[in-house]
Amino acid sequence: MTASAEKFTRQTLLDVQPLTPSLFSLRVTRDAGFRFRAGQFARLGVAKADGSVVWRAYSMVSSPFDEYLDFFSIVVPGGEFTSELSRLREGDTLLIDRQAFGYMTLDRFVDGRDLWLLATGTGIAPFLSILQDFDAWERFDSIKLVYSVREARELAYQDVIAGLEQRDYLAEYAGKLQFIPVVTREQHPGALTGRITALIENGELERAAGLALSPEHSRVMICGNPQMIDDTRQVLKARDLQLSLSRRPGQVAVENYW
Ligand SMILES: Cc1cc2nc3c(=O)[nH]c(=O)nc-3n(C[C@H](O)[C@H](O)[C@H](O)COP(=O)(O)OP(=O)(O)OC[C@H]3O[C@@H](n4cnc5c(N)ncnc54)[C@H](O)[C@@H]3O)c2cc1C
């Protein structure tokens, strides 16, 4: 098969940055023909020693207009894909699908005033892409980025998050974004402690945000751990916030990572 007939392209690793022993970010070259909407994912492929290729879904962290692609990854102990991925170094090859997929995109919502982005762990990835693009900033009056991790050292991309409103192209929207870190297993200054579901149920999250969750105004995206997503969906459902479907636009969009 010729390279152009293949469903994937071969890209080069430009940079690998470990955050903790089990979390790292990577930057790779981007094929000029690769298009995606902020919030989508691509399938990444790595070749194993026996020559076979393992594929896994990864959300893009970078914005649709960046020349490169950024990804943020966990290392699952013994994980088929991440054991290989975490061995790659600058200059190595990564396979990337020609097509991007996924519905964790802002066009899931037809309206809304406040955008709530709720992530656990690597589930922060699509939200970073969304926040580096214009759409969310133009459409919503306020954006609450809620990022839950077990330990404070796992909070990734802090410089990117802190620098968003200083970017030239986002400066006119300064003041719209509030970053709300949540650390579940230790106390951390400036962070809430506890599970996202508990923080919604006991009102702490809304107090910290200075904003109520309501079907009228809130649009909520949830990404990461499937259990957290299920539990949060139930809590939101009890508050009349429903999953947004093409046949019935609602307030909630989710993406399970496993
Ligand atoms: C739409 C989509 C987007 C995704 N985007 C990302 C991403 O941006 N970054 C990323 O690291 N992963 C992402 N994932 C998960 C990713 O596809 C793989 O599951 C992950 O790379 C582990 O692969 P593995 O073969 O090593 O282990 P697997 O055999 O795939 O997984 C083994 C177990 O590890 C745990 N696990 C898997 N992924 C994660 C994770 N991300 N965080 C914590 N525990 C996990 C689960 O318990 C899972 O059952 C995404 C998954 C989907 C479906």
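Thresholds, definitions, all that
- Residues numbered from 1 in each chain as written.
- Predicted model: local features only at pLDDT ≥ 70, side-chain atom pairs only at ≥ 80, totals over all residues.
- Heavy atoms only, no water.
- Helix = DSSP H or I, 4+ residues; strand = E, 2+ residues; numbered from the N terminus.
- Buried < 20%, exposed > 50% of the residue type's maximum accessible area, 1.4 Å probe, protein only.
- Near = heavy atom within 4 Å.
- Polar contact = N/O pair within 3.5 Å; in protein donor to acceptor, adjacent residues only side chain to side chain.
- Areas by Shrake-Rupley, 256 points an atom, 1.4 Å probe, with all protein chains shown as cover.
- Nonpolar A, V, L, I, M, F, W, Y, C, P; charged D, E, K, R; others polar.
- Domains from an automatic or database assignment.
- Salt bridge = Lys/Arg side-chain N within 4 Å of Asp/Glu carboxyl O.

**Focus: the environment of D230**
When you line up the elements, D230 lands in helix α7 (residues 226-237). D230 sits in the partly exposed class, given a relative accessible area of 40%. For the pair D230 and N256, spaced 26 residues apart in sequence, the C-alpha separation works out to 9.2 Å.

**A few points about the site of the ligand**
Residues in contact with the ligand amount to 19 residues; listed here are only the nearest, A57, Y58, F72, T82 and T122. Within the contact set of the ligand, an oxygen atom lies 2.8 Å away from a backbone nitrogen or oxygen of A57. T122 places a side-chain nitrogen or oxygen 2.8 Å from a nitrogen atom of the ligand. Bound to the protein, the ligand loses 75% of the 870 Å² it would expose on its own. Looking at the shell around the ligand, the elements with two or more residues in it are β4 (53-59), β5 (68-74), α1 (80-85) and β12 (252-256). Looking at which element gives the most residues to the shell around the ligand, the answer is β4, with four residues. Here the residues of the shell around the ligand sort into 10 nonpolar, six polar and three charged. Structurally, the shell around the ligand is a two-domain feature, drawing no fewer than three residues from each of domain 1 (8-101) and domain 2 (106-256).

**Considering the pattern of salt bridges**
In a structure, side chains of opposite charge can pair up when their charged atoms sit close to one another. For the structure on display, the rule yields 13 salt bridges. In this structure, R10 and E6 form a salt bridge, with 3.1 Å as the shortest nitrogen-oxygen distance. A relative accessible area of 12% means that E6 is categorised as buried. Of the charged contacts in the structure, one is a salt bridge between R153 and E151, with a shortest N-O distance of 3.0 Å. On the accessibility criterion, E151 (27% relative accessible area) is partly exposed.

**Here we look at unusual backbone geometry**
Among all residues save glycine, negative phi is the norm, and among peptide bonds the norm is trans. Positioned with a positive phi, Y157 is a non-glycine residue whose angle comes to about 55°. Position of Y157 among the secondary structure elements: in the loop between β8 (142-149) and α4 (158-163). The class of Y157 is buried, set by a relative accessible area of 14%. Even without glycine at this site, D240 takes up a positive phi of about 75°. Secondary-structure assignment places D240 in the loop between α7 and β12.

From the geometry alone we can't say anything about function, so treat these as descriptive.
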